[in-house]
Amino acid sequence: LKSDVSVLHCIGAVAGWAAEGEATSMLAGIMWVVFVLGFSIADVLMLVLSAWRLCLQSGADSRDGLLTSTYTGPLKATPCPFLATSKMLKKLAMLDVAIVGLYLVTYCMEIYKKIGIVVSARGGIAVLFGAE
């Protein structure tokens, strides 16, 4: 029996169990959807908005040559609300905790290899680690 399982498939299964009345599954689903995925996606969105704001601020608004060595004018240093929000979301996001949990569960399941059950982490965990 070979089965590839994704995070989205697991979240769907947990949602099904929560709909049947399992409180721990409901809590697990909320933790994954809100804290792992939701806050991580919102964090990346805030970083994109922050970069976009920086690009628009330093653009063509009478600052010709800003990206070249000929610009000698002053730069306005204004606080970026998107960057501040991103820092807050980074603290709340639990993607790093999820990566460690996935790694530990995969590592601990090695004891079942003797009876034919093989659990392994695919390349997705490296992508998650890179996103962190």
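Calculation criteria
Residues numbered from 1 in each chain as written. Predicted model: local features only at pLDDT ≥ 70, side-chain atom pairs only at ≥ 80, totals over all residues. Heavy atoms only, no water. Helix = DSSP H or I, 4+ residues; strand = E, 2+ residues; numbered from the N terminus. Polar contact = N/O pair within 3.5 Å; in protein donor to acceptor, adjacent residues only side chain to side chain. Contact = heavy atoms within 4.5 Å. 1 Å grid on protein atoms, 1.4 Å probe; cavity = no way out; pocket = protein on both sides within 12 Å on 5 of 7 lines; lining within 4 Å. Points joined across faces, edges and corners; volume = space filled by probe spheres on them. Nonpolar A, V, L, I, M, F, W, Y, C, P; charged D, E, K, R; others polar. Expected span 1.5 Å × (residues − 1). pLDDT = per-residue confidence, 0-100. Patch = residues over 30% accessible without salt bridge, like charges linked within 9 Å, V, L, I, M, F, W, Y side chains within 5 Å. Areas by Shrake-Rupley, 256 points an atom, 1.4 Å probe, with all protein chains shown as cover. Salt bridge = Lys/Arg side-chain N within 4 Å of Asp/Glu carboxyl O. Buried < 20%, exposed > 50% of the residue type's maximum accessible area, 1.4 Å probe, protein only. Phe/Tyr/Trp six-rings, centres within 6.5 Å; stacked < 30°, edge-to-face > 60°. Axes fitted to C-alpha atoms, helices over the stretch in contact; angles between N-to-C directions. Parallel < 35°, antiparallel > 145°, perpendicular 65-115°, else oblique. Left-handed = near helix turned anticlockwise from the far one by under 90°.

In this structure, Thr-106 sits in helix H4 (residues 95-108). Side-chain polar atoms of Thr-106 contact the backbone oxygen of Leu-102, separated by 2.8 Å.

Its place among the elements puts Val-36 in helix H2 (residues 23-57). On a C-alpha basis, the gap between Val-36 and Ile-99 in space is 9.7 Å, while along the polypeptide they are 63 residues apart. In this structure Val-36 touches Met-31, Met-94, Leu-95 and Ala-98, once residues within four positions along its chain are discounted.

Turning our attention to the layout of surface pockets. There is about 1100 Å³ of room inside the largest pocket. What lines the largest pocket is a set of 31 residues, among which Val-5, Leu-102, Thr-106, Val-119 and Ser-120 lie closest to the centre. Elements supplying a minimum of two residues to the lining of the largest pocket: helix H1 (7-19), H2, H4 and helix H5 (124-131). Across the lining of the largest pocket, the residue classes break down as 20 nonpolar, eight polar and three charged.

For the rest of this paragraph, the subject is the environment of Leu-37. You can see Leu-37 is positioned in helix H2. Linking Leu-37 and Val-7, residues 30 residues apart in sequence, is a C-alpha distance of 9.9 Å. Once residues within four sequence positions are removed from consideration, Leu-37 is found in contact with Ile-11 and Trp-32.

Here the focus is H1. Residues spaced three or four apart along an α-helix point in a common direction, a consequence of the helix completing one turn every 3.6 residues. With 13 residues, H1 extends 18 Å between its outermost C-alpha atoms, agreeing within 8% with the 18 Å of an ideal straight helix rising 1.5 Å per residue. Positive backbone phi, at 110 degrees, marks Gly-21, one or two positions downstream of H1.

Bringing the confidence of the model for the protein chain into the picture now. Per-residue pLDDT for the protein chain averages 82, and the proportion of residues at 70 or more is 83%. Confidence scores differ between elements of the protein chain, with H5 showing the lowest mean pLDDT of 78 and H1 the highest of 92.

All right, on to a nonpolar patch on the surface then. Residues Met-26, Ile-30, Val-33 and Val-34 make up a contiguous nonpolar surface patch of about 320 Å² in total accessible area. Structurally, Val-33 is set in helix H2. What makes Val-33 partly exposed here is its relative accessible area of 41%.

So, about the pattern of salt bridges. All told, the structure shown has one salt bridge when counted by the stated rule. A salt bridge links Glu-110 to Lys-113, with the shortest nitrogen-to-oxygen separation between them at 3.2 Å. A residue is classified by how much of its surface remains accessible, and Lys-113, at 46% relative accessible area, is partly exposed.

Our next topic: the packing of aromatic side chains. Scanning all chains against the criterion turns up two aromatic pairs. Between Phe-35 and Phe-39, the aromatic rings sit 5.4 Å apart at their centres with planes inclined by 80 degrees, giving edge-to-face as the arrangement. Residue Phe-35 and its partner Phe-39 are both found in helix H2; the two are separated by four residues, about one turn of the helix. Residue Phe-35 is classed as partly exposed on the basis of its relative accessible area of 26%.

Contact geometry of H4 with H5 gives a least axis separation of 9 Å together with a crossing angle of 155 degrees. In terms of axis orientation, H4 runs roughly antiparallel to H5. In this structure, H4 meets H5 at a crossing whose hand is left-handed. Of H5, the residues touching H4 (which contributes Leu-95, Ile-99, Leu-102 and Tyr-103) are Ile-125, Leu-128, Phe-129 and Ala-131. A class-by-class count of the residues in the contact of H4 with H5 yields eight nonpolar, no polar and no charged.

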